[in-house]
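Report on the structure
Spelled out from the first residue to the last, the chains are:
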Amino acid sequence: MTTPNDKLERSIHLLVAANRILANEGVVDAYGHVSIRHPHHHDQFLLSRSLSPELVTAQDIFAYHLDGRAVMENSPNPYLERFIHGGVYKNRPDIQAVVHSHADSVLPFTISQTPLKPVIHTASDMGVEVPVWDIQDHFGDTNLLVTNEDQGDDLAQGLGEHKVVLMRGHGFTAAGRSLMEVVKVSVYLPKNAKILMDALRLGPVKALTAGEVEIRSKVDPKSPQMWRAWEFWCSKAGIAPGSSQDL
Ligand code: MN
């Protein structure tokens, strides 16, 4: 019989796998992080302590309140930017998983006037438009990091109902209805950015249409095609994929 603790353990395993996948795919390096909403407490999320995603194990995962406070007293050093996650979960009850990344290929689109549009079918989950959030708009000169609840809330406002928000001179934050969905968009967003950058050198570019994005959004995140990608990424990252039922 499945107990609530089993469910929590399996969720933590998948979150560890997501950390390893994102590191192995080059989406995160020493920095960047991925979280899931707590499977039993809608007003908490699970996130590693401050650690490079490649090194994260189940013992490093801790629960946080949506305002960024650790649930457990004396829990180890948290990520400075955990407020990104809390802000998104607070403002978007539909969101189950969040990724924050500094992927290089996305950065030019955070500082220029050229919009990051979906141009490859695998990146359609990013949506037709990706807003750019500038921390300076409401907070003036900062270190550009999202280090308090107000900044996290403001970033979540910038995300709005989108899947991805770019962060000026910093990176991106992606939000998913499932862990699988947010990992997929985070893996393909930097590839899309690189391909768009290459294509812009060739001349005018045709992006996916709103209709194409809409049709592709109907793919079930728990479908066998999605599980195939998850298994592949886990195999490359050297970690067990867990169960498709839990993704
Ligand atoms: Mn950051």
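Refer to the structure presented above.
Quick summary incoming for the structure in this document. Here the structure is a predicted model, which means the values were calculated and not measured.

Next up on the list: the pattern of salt bridges. Scanning all chains against the criterion turns up 15 salt bridges. The partner of D60 in a salt bridge is R49, and the shortest N-O contact between them spans 2.8 Å. Placement of the pair is D60 in the loop between β2 (44-48) and β3 (61-65) and R49 in the loop between β2 and β3, with a sequence separation of eleven residues. Close ionic contact of K194 with D198 constitutes a salt bridge, the shortest N to O distance being 3.4 Å. Placement of both K194 and D198 in helix α6 (residues 179-200) is noted, with a separation of four residues, approximately one turn of the helix. You can call D198 partly exposed: its relative accessible area is 32%. A single salt-bridge network, built from bridges that share partners, covers K90, E149 and D153.

Next up on the list: the coordination of the manganese ion. Distances from the manganese ion to its protein donors, E81 (OE), H100 (NE2), H102 (NE2) and H170 (NE2), fall at 2.0 to 2.1 Å. For the manganese ion, the donor residues sit on a single chain with the sequence spacing E-x18-H-x1-H-x67-H. Of this pair, H102 sits in the loop between β4 (97-101) and α3 (108-111) while H170 sits in the loop between β6 (164-167) and β7 (171-176), and the two are 68 residues apart along the sequence. Using a relative accessible area of 23% as the deciding quantity, one classes H102 as partly exposed. Here H170 falls in the buried class, since its relative accessible area comes to 7%.

Before going further, it helps to spend a moment on the packing of helix α2 (residues 83-91) against helix α5 (residues 149-159). Running from amino to carboxyl end, α2 crosses α5 at an angle of 55°, the nearest separation of the two axes being 7 Å. Judged by the inter-axis angle, α2 sits oblique to α5. For the element pair α2 and α5, the recorded crossing hand is right-handed. Each of F83, I84, G87, V88, K90 and N91 in α2 lies in contact with α5, whose residues at this interface are E149, G152, D153, L155, A156, Q157 and L159. Residues belonging to the contact of α2 with α5 are distributed by class as follows: six nonpolar, four polar and three charged.

How each quantity is defined
- Residues numbered from 1 in each chain as written.
- Predicted model: local features only at pLDDT ≥ 70, side-chain atom pairs only at ≥ 80, totals over all residues.
- Heavy atoms only, no water.
- Salt bridge = Lys/Arg side-chain N within 4 Å of Asp/Glu carboxyl O.
- Helix = DSSP H or I, 4+ residues; strand = E, 2+ residues; numbered from the N terminus.
- Buried < 20%, exposed > 50% of the residue type's maximum accessible area, 1.4 Å probe, protein only.
- Donors = N, O, S within 2.8 Å, 3.2 Å for Na, K, Ca; no water.
- Axes fitted to C-alpha atoms, helices over the stretch in contact; angles between N-to-C directions.
- Parallel < 35°, antiparallel > 145°, perpendicular 65-115°, else oblique.
- Left-handed = near helix turned anticlockwise from the far one by under 90°.
- Contact = heavy atoms within 4.5 Å.
- Nonpolar A, V, L, I, M, F, W, Y, C, P; charged D, E, K, R; others polar.

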